[in-house]
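Structural description and commentary
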Amino acid sequence: MAEVDRPGARETRGDLHPRLATARIQLQPVSVSDYDRLRQIELSENLGALWRCGGSTPSPEAWAHGLSAGVLAQFLVVRANDQVPVGIVACYKADFQHQFAYLAAAKFVRADRTTHLMEATVLFIEYLFSCWAFRKLYLEVNGYNLEQFSSGVGRLLEEEGRPSEHVYFGGRYWDQHLLSLWRDRWEESALPRLIKTGGTFSS
Amino acid sequence: MITEAAFIEMVTREFADTIDAEIHPESRILDDLGMDSLELLRLMLLAESLVPGFELPPQLDLKDVAIRDIHHYLLQYQS
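Below or above, wherever it landed, is the structure these notes cover. What you are looking at is a predicted structure, and each value in this text was computed from that prediction instead of being measured. (Residues numbered from 1 in each chain as written. Chains lettered and ligands numbered in written order. Predicted model: local features only at pLDDT ≥ 70, side-chain atom pairs only at ≥ 80, totals over all residues. Heavy atoms only, no water.)

Here we take up the sheet that holds strand E5 (residues 136–142) of chain A. Through backbone hydrogen bonds, the strands of a sheet pair up, either in parallel or in antiparallel fashion. Residues and elements named next belong to chain A. The strand order E1-E2-E3-E4-E5-E9-E6 describes an open sheet built from seven strands, whose pairing is mixed. Looking at which strands have only one partner, the edges of the open sheet turn out to be strand E1 (25–29) and strand E6 (158–161). Each neighbouring strand pair of the sheet contributes to a mean axis angle of 30°, computed without reference to strand direction. The pairing of strand E2 (residues 71–79) with strand E3 (residues 85–95) spans seven bridges and is classified as antiparallel. Paired with Phe75 across the bridge in E3 is Val89. (Pairing = 2+ DSSP bridges. Helix = DSSP H or I, 4+ residues; strand = E, 2+ residues; numbered from the N terminus. Axes fitted to C-alpha atoms, helices over the stretch in contact; angles between N-to-C directions.)

Here it is in C-alpha cells:
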C-alpha cells in the first residue's frame, strides 16, 4: 500500500501534486495559438541572440519544430493578475540513465525587474524534482547572465565546469558556467518549502 | 502590523549568511546589499510570509529601493 493510502499518513495526495501557480505567476503549457507571438518574442531584439535561436531567424515551421526538440518540459510564465506572458522555462537534454537534466529560463522583457521569472524557476525546479527522479539539474549560464543569481553559487548551486571563452555575444567571447543543483541541496534549502507553503516561513 | 525594526531584524536574520553589509533601514537592496534576483525572491517570500500576496510595485527601479521602502509598501499593501 502506498504511503499516502495508509491511515494517518502525513502527506495527502494534494500535498504531492506539483504546483503550477503561485499568487503572482502561473506556469502554462505552450499552445499552438501561442506560437506566433512566442516566435516574435524569441526572435526579438531582447531575446534573439540570447535564447535558443542564437540570432538566427528560422522559418515558422522550423522554429515550431525546434521549440520542442530535446525538450522534456516547458512552460510559459504568465502573470497571474493579467495573464501577460513574462518568460519561459524549459527542461532539456534529460538523461534518464544517469538521472540528470538541463534547465533554462528566459524573461521576455529585459527591463523586467520583478521576481516573477525567478519565482517561476523555483516552481519549475520543484516540478521537475517532483515528477522525475533526477539527481541533479544543470544550468548552462553564460558569463553575462551569471550576476542574476550569483548569490546561489557555492550555496545552492555548484560550479562543476567553466569552459573559457565558450560563447560569443556582443562582440566578445564569454566563459560559460556549468552549474549544478543537486536534489538534496535543493530539498535542504528554504526555497521549496517557501513555495510549497505559499511563502510562509516556518522554523 | 510589523514594525520597521522587526522587519529589519527578520531580514537580517534570514540573510545573515549571504549579505556581508550591515542592514540598515536605508540600505538599498541592490547597490548596498548586493542582492541578486535569487535573494530578492527570498526577500519577497519573506515579506509575503507577513502579508500574503504582497509584491513590490513592478514599476519601481530596484536599484533605488531601500529596506525602508519595502517595509513602507508592506504596510500600504496590508492596509
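That was the structure; now back to the text.
If a probe the size of a water molecule is rolled over the atoms, the empty space left behind becomes visible. Following the criterion strictly, the structure yields three cavities of 30 Å³ or more and no others. One number sums up the size of the largest cavity: a volume of about 80 Å³. Forming the walls of the largest cavity are Arg113, Thr114 and Thr115 of chain A together with Leu40, Met44, Glu55, Leu56, Pro57, Pro58, Leu60 and Leu62 of chain B. Residues that form the lining of the largest cavity fall into these classes: seven nonpolar, two polar and two charged. Of the pockets and cavities examined, the second largest cavity occupies roughly 40 Å³. (1 Å grid on protein atoms, 1.4 Å probe; cavity = no way out; pocket = protein on both sides within 12 Å on 5 of 7 lines; lining within 4 Å. Points joined across faces, edges and corners; volume = space filled by probe spheres on them. Nonpolar A, V, L, I, M, F, W, Y, C, P; charged D, E, K, R; others polar.)

The full count for this structure, using the stated rule, is 14 salt bridges over all chains. The partner of Asp82 of chain A in a salt bridge is Arg79 of chain A, with the nearest N and O atoms 2.6 Å apart. Residues Asp32 of chain B and Arg28 of chain B are paired through a salt bridge, measuring 3.7 Å at the closest nitrogen-oxygen approach. A residue is classified by how much of its surface remains accessible, and Asp32 of chain B, at 37% relative accessible area, is partly exposed. Among the ionic contacts, a cluster of salt bridges with common partners joins Arg24 and Glu119 of chain A together with Glu48 of chain B. (Salt bridge = Lys/Arg side-chain N within 4 Å of Asp/Glu carboxyl O. Buried < 20%, exposed > 50% of the residue type's maximum accessible area, 1.4 Å probe, protein only.)

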